[in-house]
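Coordinate analysis (summary)
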Amino acid sequence: GLLRVDHVGIAVPDLDEALAFYERTFGLRCVHEETNEEQGVREAMVAADPDGGGARIQLLAPLRPDSAIAKFLDRNGPGLQQLAYTVRDVEAASAALRARGLRLLYDEPRRGTAGSRINFVHPKDAGGVLVELVQPA
Ligand code: CMX
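The notes below deal with the structure included here. On a predicted model such as this, the values are computed, not experimentally measured, just so you know.

1. Quick notes on the pairing of strand β2 (residues 29-36)
Note that β2 and strand β3 (residues 41-47) share seven bridges and pair antiparallel. Bridge pairing in β3 links N36 to V41. Between β2 and β3, which follow one another and run antiparallel, lie four residues, and G40 among them has a positive phi close to 70°.

2. Details of the nonpolar core
Formed by I10, V12, L15, A18, L19, Y22, L28, A44, V46, L59 and A61, the largest nonpolar core amounts to 11 residues. At the level of elements, α1 (15-26), β3 and β4 (56-62) are the ones that each hand at least two residues to this core. With four residues, α1 is the largest single contributor of residues to this core. Contacts of A18, omitting those with residues within four sequence positions, involve V12 and L59. Judged by nonpolar contacts, the second largest core, of eight residues, contains V87, L97, V121 and L133.

3. A word on the site of the ligand
What surrounds the ligand is a group of 19 residues, the closest being Q39, K71, R75, Q81 and K124. Within the side chain of R75, one N or O atom sits 2.9 Å away from an oxygen atom of the ligand. Note that an oxygen atom of the ligand is positioned 2.9 Å from one of the side-chain N or O atoms of H122. Here the ligand has 970 Å² of accessible area as a free molecule, and 69% of this is covered by the chains. Contributions of two or more residues to the shell around the ligand are made by β4, α2 (68-76) and β5 (79-87). Counted by class, the shell around the ligand contains nine nonpolar, six polar and four charged residues.

4. As for the layout of surface pockets
What the largest pocket holds in volume is close to 870 Å³. With six residues, α2 is the single largest residue contributor to the lining of the largest pocket. Residue composition of the lining of the largest pocket, grouped by class: 15 nonpolar, 12 polar and nine charged. Estimated volume of the second largest pocket: approximately 330 Å³. If you trace the second largest pocket, you find 19 residues lining it, with D6, H7, M45, R56 and P136 closest to the centre. Ranked by residues supplied to the lining of the second largest pocket, first place goes to strand β1 (residues 2-11) with four residues. The residue inventory of the lining of the second largest pocket, partitioned by class, reads eight nonpolar, eight polar and three charged.

5. Looking at the sheet that holds strand β7 (residues 117-121)
Remark on secondary structure: sheet strands pair via backbone hydrogen bonds, oriented parallel or antiparallel. Taken in spatial order, the eight strands of this open sheet run β2-β3-β4-β1-β5-β8-β7-β6, and their pairing is mixed. One side of each edge strand has no neighbouring strand; the edge strands of this open sheet are β2 and β6 (110-111). As paired strands, β5 and strand β8 (residues 131-135) are joined by four bridges and run parallel to one another. Following the sheet pairing, A84 is matched in β8 by E132. Across the sheet, α1 is in contact with β1, β2, β3 and β4; its angle to β3 comes to roughly 10°. α2 contacts β1, β3, β4 and β5 of the sheet and is inclined by roughly 90° relative to β4.

The rules behind these values
Residues numbered from 1 in each chain as written. Predicted model: local features only at pLDDT ≥ 70, side-chain atom pairs only at ≥ 80, totals over all residues. Heavy atoms only, no water. Pairing = 2+ DSSP bridges. Helix = DSSP H or I, 4+ residues; strand = E, 2+ residues; numbered from the N terminus. Core = buried A, V, L, I, M, F, W, Y, C linked by side-chain atoms within 4.5 Å. Buried < 20%, exposed > 50% of the residue type's maximum accessible area, 1.4 Å probe, protein only. Contact = heavy atoms within 4.5 Å. Near = heavy atom within 4 Å. Polar contact = N/O pair within 3.5 Å; in protein donor to acceptor, adjacent residues only side chain to side chain. Areas by Shrake-Rupley, 256 points an atom, 1.4 Å probe, with all protein chains shown as cover. Nonpolar A, V, L, I, M, F, W, Y, C, P; charged D, E, K, R; others polar. 1 Å grid on protein atoms, 1.4 Å probe; cavity = no way out; pocket = protein on both sides within 12 Å on 5 of 7 lines; lining within 4 Å. Points joined across faces, edges and corners; volume = space filled by probe spheres on them. Axes fitted to C-alpha atoms, helices over the stretch in contact; angles between N-to-C directions.

Put into structure tokens, the structure is as follows:
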């Protein structure tokens, strides 16, 4: 099952500008930054409580024009792109949701932030929300 909200993903055109905005405006701190070539993103995790266990905000900037984030920005502009839940076992969580008739985007989990294993529920099967399942490394 789902353990907690892991992070909320926000599509941004420029990662450095977005990081500066979140730090300056909301006082959030960057706790992690990486490039994920497979997902086509440069991303940063920011937090209100860098040392606590609270949910992170994931800022997602596109690496390529054909990436999911570039497509999202073209269609919607910057804004909330996904809601991610922590799970203990991403294969088991995906199988349980498939059994309930939801479409999972990947047959097998892929690599997410910081070596996590991830899959997604299609937003059309989850009330218009792109839901990510995250099994931490
Ligand atoms: N949230 C809600 N709805 C969304 C959406 C989103 N993020 N992205 C697309 N949709 C909607 C579109 O508005 C469209 O709706 P209408 O048909 O009513 O216009 C519909 O879904 C389109 O669906 P599609 O043609 O099947 O798919 P798209 O080409 O638009 O791609 C998706 C959507 C979810 C399959 C694609 O973004 C994807 O593969 N996402 C998973 C990977 C990802 O998001 N990676 C970046 C983050 C990396 C990370 O988290 O580590």
